[in-house]
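Here are the chains, one letter per residue:
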Amino acid sequence: MARDDPPKSGIRDAILWHLTYTLGKDPDHAQLFDWRLALSHAVRDRIVDRWMESARATRRAGARRVYYLSMEFLIGRLLQDNIVNLQLADETQAAVDSFGLDYRALLLDEPDAALGNGGLGRLAACFMESLATIGCPAHGYGIRYEHGLFRQSFAAGRQVEAPEDWLVQPFVWQFERPEARFTLGFGGHVATHQGKPVWEPESFVQSEAFDVPVIGWPGNWANTLRLWAGRAVDPFDLSRFNAGDFTAAAEAEALARTISRVLYPQDSTEKGKRLRLTQEYFFSAASIRDILRRFEGEHGDLRLLPRKVAIQLNDTHPAIAGPELLRILHDERGLPFDEALDITRACVNYTNHTLLPEALESWGEGLFSDLLPRHLQIIERIDAADARAHPDRRGGARDQGRVRMGELAFMLSNRVNGVSALHTGLMKTTVFADRHRLHPDRIVNQTNGVTPRRWLLGCNPRLSRLICETIGRGWIADLEQLQRLEPHVADDGWLGRFAAAKAANKADLCDWTLREHGVALAPDAIFDVQIKRIHEYKRQHLNILEAIALWQAMRDDPGAGWPTRVKIFAGKAAPGYVLAKQIIRLINDVAAVVNADPATNERLQILYLPNYNVTLAERLIPAADLSEQISTAGKEASGTGNMKFALNGAPTIGTLDGANVEIRERVGAENFFLFGLTAEEAEARRLVPDHAGRAIAADPRLARAIEAIRSGSFSPDEPDRYGDIVANLTGADYFLVCSDFADYWRAQRQVDRAYADRDGWARMAARNLARSGWFSSDRAIRGYMQDIWGAQSLLGRE
Ligand code: 26V
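An unreviewed UniProt entry lists the protein under the name Alpha-1,4 glucan phosphorylase, from Paracoccus thiocyanatus. For the record of the protein, the UniProt heading Sequence similarities (unreviewed entry) holds the text "Belongs to the glycogen phosphorylase family."

Following this line, the structure appears as structure tokens:
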């Protein structure tokens, strides 16, 4: 190995070079960790030229750029994704093999970048990958959290949270940009200079940029994900240090770094509000400054801004970017307020991801004016202008002493979109009904999608190989080509290979659960999987109630020919969400009793896997037979896990909620196990007095399952442990678990019968795959480009 340039041709030499000269490790003594870092550097080198060329091409074209602002990017691991997208998988595997290392172990050595809570953050990550694949000039902006989503473990069945520390290791994919900093103000007051308002902040923080290149398939385009970290303006106070006050000397730095220290879990309703708003302003303001700096470097005339800049707000978390842009245009660049407002609105768009009232952001005006006094004034002006334009409007951006971020984002957006057809319809009739009446063209739908590179090609190599052998490789960039599998579904030979891929994936999972968790699963069982955040509306408790009822029915009638089932759960509960944590404990308690019952444990197993994350999803989804998508209709905005399962050949048991509706339309009603009330029926059912009591009285199975929980069958040492869950179910039951139980039971027994016909099941699974092509995030991004951003691909193949 020579100390020349790092080799550009062979990946094998490049790994050795980086091991030696970047990491300073002798190959004879290198650990898996060192090899993984060396490989990552070698892969990263292969992205950089493309990345720079993409930036140059964008500048040359003077093209409109897309800016995706998101508090969360739930990326997961990047090494395999980058290798796959660069089409280096075979060469890399051979190189790693030649060193006598285990390629999969090397890939798995990387920690997940868990900079998100769930669906919203994972969608942002899929969108970044699709933007690069399509060749749309785009930048993602987010926060470089030092600690991503907490690590979950169980102690006696209860969720225990531990801090996550992915940045303890070097994050090879980032390029630090110490020179790209902005100084951002907080607090203070608004003074008047020569009749003009001037914000005089009380304190300042710097934002430092870290850039992560995102390479698309098949390696022709790369965009940037820019993550901001908090830094002090004056990191170190020497006079305080010299005076002996060592802690205080570094206080400013500690405070500034707090801003990007941790990702907020979803339930942070009251606590830590101030820090959350600080985080939101911090990354929004830094991003707006960066956008303007780039624009002004290339163009100049601010009136051109809407032609060059399309900003997408991923939910309301970055909504303060709107007032910030307006403030800079008006206060700092001197544009008249109305013109600044028009320009802002022409640039900004907003995606809504939930209609749950408790999840809609609002801030007390006291806090707001404390932190962002000038922005509150600007919002007052925006609101007043809106009130003048629409004297008959019902609500504004300020209401009862609070700033409502949804209303604000709507007012400042050119387009507002929902994430599934059903959800978009509900936006128009519920939360944004009045806004929709005033602006009937503003709300549009863009149903979510998922990237097939990670969620099929990368995570399911066996199935991908079969697809490639059958229809070639075109599907990877054009997922609708999966339709061409359709004629093969009738071919028994092909179907056998399809079923064999699933069986092998299931065997892999069995090996893993045995190795990692000491649990031996029955490989022939129906692998029935529910993996997602734990929330009452997602109804993991409906699933466990059905498991209890099934267990009881099996004990009653052991000879009834029950198919074997493995119910797999995974998911985190927000640390402050008490009922969700009780649901976790209940599932674990039920699992302990059921798994220990010799009368049934050949037929029914329940497994709750800890610490759900992107990597675990990549492991479970290819091995799933049945996808549980059982939210109360009207509550799940879209779901994206539902798409991943269908794409990996797992039929859904689900309600008519979110994108389930569209999945069922596409895969065919006969390949989808539908149950439950519709969104409309659910609304009506809530008005029926004692609807839960009636459902329980009408269904002895349900009554008995609830009674088992109530009487302590699963918590004999503490019989009323689940009193709150039982009271909830038998009382208000807002999420209609009881009302939907009987139909869910029916649909599950339909699953039993369908699974007994193994060829029939394989055909159903294969049709799910063949008909899921529309759910690619490439399709979703093309929709945004056309209907929202007016952006074009620069890859010349569009
Ligand atoms: C936020 C909160 C905060 C307060 C406590 C309860 C609660 C529950 C849910 C949320 C959701 C936050 C936004 C979000 O992640 N939405 C998800 O976005 C996905 C991508 O569009 C979509 O597929 C999911 O259906 C939607 O829940």
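Moving on from the coordinates now.
**Q** Sorry, what's going on with the site of the ligand here?
**A** What surrounds the ligand is a group of 17 residues, the closest being Gln266, His353, Asn448, Glu636 and Gly639. In the model, an oxygen atom of the ligand is placed 3.0 Å from a nitrogen or oxygen of the serine 638 main chain. At 2.8 Å, a backbone N or O of glycine 639 approaches an oxygen atom of the ligand. Calculation on the ligand without its partners gives an accessible area of 590 Å², and the protein chains cover 90% of this total. When grouped by side-chain class, the residues that make up the shell around the ligand number seven nonpolar, eight polar and two charged.

**Q** Quick question: what am I supposed to make of the environment of aspartate 524 here?
**A** In this fold, aspartate 524 is placed in the loop between helix H21 (492-517) and strand E19 (526-531). Aspartate 524 gets classed as exposed once you look at its relative accessible area, which sits at 59%. With 18 residues separating them in the primary sequence, aspartate 524 and lysine 506 have C-alpha atoms 8.5 Å apart.

**Q** Can you walk me through unusual backbone geometry in this structure?
**A** Negative phi characterises most residues that are not glycine, and trans characterises most peptide bonds. Of note, the bond from tryptophan 217 into proline 218 is cis; its omega dihedral lies within 30 degrees of zero at -5°. Note that proline 218 resides in the loop between strand E10 (203-215) and strand E11 (222-231). We note that aspartate 315 has phi near 70°; this positive angle belongs to a residue other than glycine. Along the polypeptide, aspartate 315 turns up in the loop between strand E12 (309-314) and helix H12 (321-332). With a relative accessible area of 7%, aspartate 315 lands in the buried category. A positive phi angle is found at glutamine 400, which is not glycine, with a value near 45°. Residue classification places glutamine 400 among the exposed positions, given a relative accessible area of 75%.

**Q** Looking at this structure, how should I read the pattern of salt bridges?
**A** Oppositely charged side chains may form a pair once their charged atoms are brought near each other. Going through the model one piece at a time under the given rule, you end up with 63 salt bridges. Linking arginine 289 and glutamate 324 is a salt bridge whose minimum nitrogen-to-oxygen distance equals 2.4 Å. Of the two residues, arginine 289 is situated in helix H10 (residues 273-298) and glutamate 324 in helix H12; the sequence distance between them amounts to 35 residues. Residue class for arginine 289 comes out buried when judged on its relative accessible area of 18%. Note on glutamate 324: relative accessible area 0%, which makes it buried. With a shortest N-O distance of 2.6 Å, arginine 746 and aspartate 743 are connected by a salt bridge. Of this pair, arginine 746 and aspartate 743 both sit in helix H31 (residues 737-756), three residues apart, roughly one helical turn.

Cut-off values and rules
- Residues numbered from 1 in each chain as written.
- Predicted model: local features only at pLDDT ≥ 70, side-chain atom pairs only at ≥ 80, totals over all residues.
- Heavy atoms only, no water.
- UniProt positions renumbered as here; feature names shortened; annotations may be inferred.
- Near = heavy atom within 4 Å.
- Polar contact = N/O pair within 3.5 Å; in protein donor to acceptor, adjacent residues only side chain to side chain.
- Areas by Shrake-Rupley, 256 points an atom, 1.4 Å probe, with all protein chains shown as cover.
- Nonpolar A, V, L, I, M, F, W, Y, C, P; charged D, E, K, R; others polar.
- Helix = DSSP H or I, 4+ residues; strand = E, 2+ residues; numbered from the N terminus.
- Buried < 20%, exposed > 50% of the residue type's maximum accessible area, 1.4 Å probe, protein only.
- Salt bridge = Lys/Arg side-chain N within 4 Å of Asp/Glu carboxyl O.

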